[in-house]
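Here are the chains, one letter per residue:
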Amino acid sequence: MDTGTHIVMGIALGGLALIDPVVADNPVTATAVVAGVIVGSLSPDVDTVLKLRNNAVYIRHHRGITHSIPAVLLWPLAITGLIHLIIPEANLLHLWLWTFLAVFLHVFVDIFNSYGTQALRPFSSKWVALGVINTFDPTIFGLHVVALLFWAFGADPVITMLILYSIIFLYYLLRFAILKAVRHAVKNTFPNSEEIILAPTIRFFQWRVAVLTKTHHFVGRAYGRSINIYDKFDRKTIPDSPLIKAALKDKNLQAFISFSPIYRWEITKHEHVHEVRLIDLRYRSNDYYPFVAVVHLNENLEILNSYTGWIFSEDKLHKKLDFLS
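Since the structure is predicted, the reported quantities are computational estimates derived from the model, not experimental observations. (Residues numbered from 1 in each chain as written. Predicted model: local features only at pLDDT ≥ 70, side-chain atom pairs only at ≥ 80, totals over all residues. Heavy atoms only, no water.)

**Quick look at the nonpolar core**
Note on soluble globular proteins: their nonpolar side chains tend to be buried together. Operational definition: In plain words, nonpolar cores are sets of buried Ala, Val, Leu, Ile, Met, Phe, Trp, Tyr and Cys residues tied together by side-chain atoms within 4.5 Å. Three exposure classes are used, based on accessible area relative to the maximum for each residue type with a 1.4 Å probe and protein chains only: buried under 20%, partly exposed in between, and exposed over 50%. Strands here mean DSSP runs of E at least two residues long; helices mean DSSP runs of H or I at least four residues long; both are numbered from the N terminus. Residue contacts are defined here by distance: any two heavy atoms, one from each residue, within 4.5 Å place the two residues in contact.
In terms of nonpolar packing, the biggest core is built from 51 residues, with I133, Y172, V186 and L198 touching the most fellow members. Counting residues per element, this core draws most heavily on helix α8 (residues 157-189), at 10 residues. For L198, the contacting residues outside a window of four places in its chain are G131, L179, V182, R183, V186, W207, R208 and V209. Grouped together as the second largest cluster of nonpolar side chains are 16 residues, W265, Y283, F291 and A293 included.

**So, a nonpolar patch on the surface**
We count it as follows: Patches in this entry comprise residues that are over 30% relatively accessible and not in a salt bridge; like charges within 9 Å are linked, as are nonpolar side chains (Val, Leu, Ile, Met, Phe, Trp, Tyr) within 5 Å. Reported accessibility uses the Shrake-Rupley method at a 1.4 Å probe radius. Residues are deemed covered only where the shown protein chains occlude them. We define a salt bridge as a side-chain nitrogen of Lys or Arg found within 4 Å of a carboxyl oxygen belonging to Asp or Glu.
A surface patch of nonpolar side chains, about 540 Å² in accessible area, is lined by I69, L73, L74, L77 and F123. As for its placement among the helices and strands, L74 is situated in helix α5 (residues 69-86).

**Here's the deal with the pattern of salt bridges**
If you walk through the whole model with that rule in mind, you get eight salt bridges. As a salt-bridge pair, R264 and E266 come within 3.0 Å of each other at their nearest N and O atoms. By relative accessible area, which is 19% here, R264 ends up buried. Across the pair K269 and E299 runs a salt bridge whose closest N-O atoms are separated by 3.3 Å. Placement of the pair is K269 in strand β5 (residues 263-270) and E299 in the loop between β7 (291-297) and β8 (303-310), with a sequence separation of 30 residues. A relative accessible area of 43% means that K269 is categorised as partly exposed. Among the ionic contacts, a cluster of salt bridges with common partners joins D231, R284 and D287.

**Here's the deal with the packing of helix α1 (residues 3-16) against helix α3 (residues 27-42)**
Worth spelling out the cut-off: Angular values range over 0 to 180 degrees, each being the angle between N-to-C directions of two axes fitted as lines to C-alpha atoms, with helices fitted over their stretch in contact. Here is the rule for angles: anything less than 35 degrees is roughly parallel, anything more than 145 is roughly antiparallel, 65 through 115 is roughly perpendicular, and the remaining ranges are oblique. Handedness of each helix crossing follows the sense of rotation of the near helix against the far helix: counterclockwise by less than a right angle gives left-handed, clockwise gives right-handed. Residue classes follow a fixed rule: Ala, Val, Leu, Ile, Met, Phe, Trp, Tyr, Cys and Pro count as nonpolar, while Asp, Glu, Lys and Arg count as charged, and any other residue, Gly among them, counts as polar.
The geometry of α1 relative to α3 is characterised by a closest axis approach of 8 Å and an angle of 155° between their N-to-C directions. In this view, α1 runs roughly antiparallel relative to α3, as classed from their interaxial angle. Relative to α3, the crossing made by α1 is right-handed. Residues T3, H6, I7, M9, G10, I11, L13 and G14 of α1 lie in contact with α3, whose contacting residues are V34, V37, I38, S41 and L42. Among the residues making up the contact of α1 with α3, the classes are represented as eight nonpolar, five polar and no charged.

No statement about biological role is implied by the geometric values presented.
Here it is in structure tokens:
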């Protein structure tokens, strides 16, 4: 989920923590727990700082080790230890329990996005992504805001948050039902599909659709059970050539391939420069595919420059690459 949603989830969890008599009866412990659950709700996303290095590092490692099983165990210990130094009178066990719940819920809800997490590390490096909730879901965020407003105006926080999470639980079940219906509709449209990738959008009934058949890639949108296909591309295996072998040594292309389950490729020549471009087919926007990886190589197949990430115009991409430099 996005940072804003994790923040409101942390605050809401602080209200729910008052169901615990040790927390409710001790203002000092309550203060510590509220701090713990808010920090715990945000801590796994500390790897966002990897953007400061480059997109390749961020793409390969975001929601990786910081969302792993060891991290879920270590974050609460670190946060609890830090808060205990500041508020030593707080009940240590209950502070740790609620902080652990906050960290666990952060990682757990991220699994429902199409991005997913490596939540099974170190046992598996596979990305776990159920793809039923958009990274920012206005319904989930809005429900939290409404619940927090009720609490702010005097409603019982425990009852309010229990109602909130009961509604959200039912909402998740509804999203799974819609996903199943959309997948069934896509399967009927493409009975010979080898792979179907569905990704939620910010709109409740709208889904991104990417389909792989033996001969083609299809890209479109689903509106409920209605499937609209916008693009059709021939399915071509990326060539096993010296140029491609050299390009695939680039860290940006490697990061892209580790992240994207369905993409197409283009090879072009600009005077004495070869361009290899990989294009993620999941994120079509206004007739453009903004998530790409590009590498430029010279005649000796030496890498000149490269980039991976979100680009919404060729001009911006050329500036990123210092085009044909």
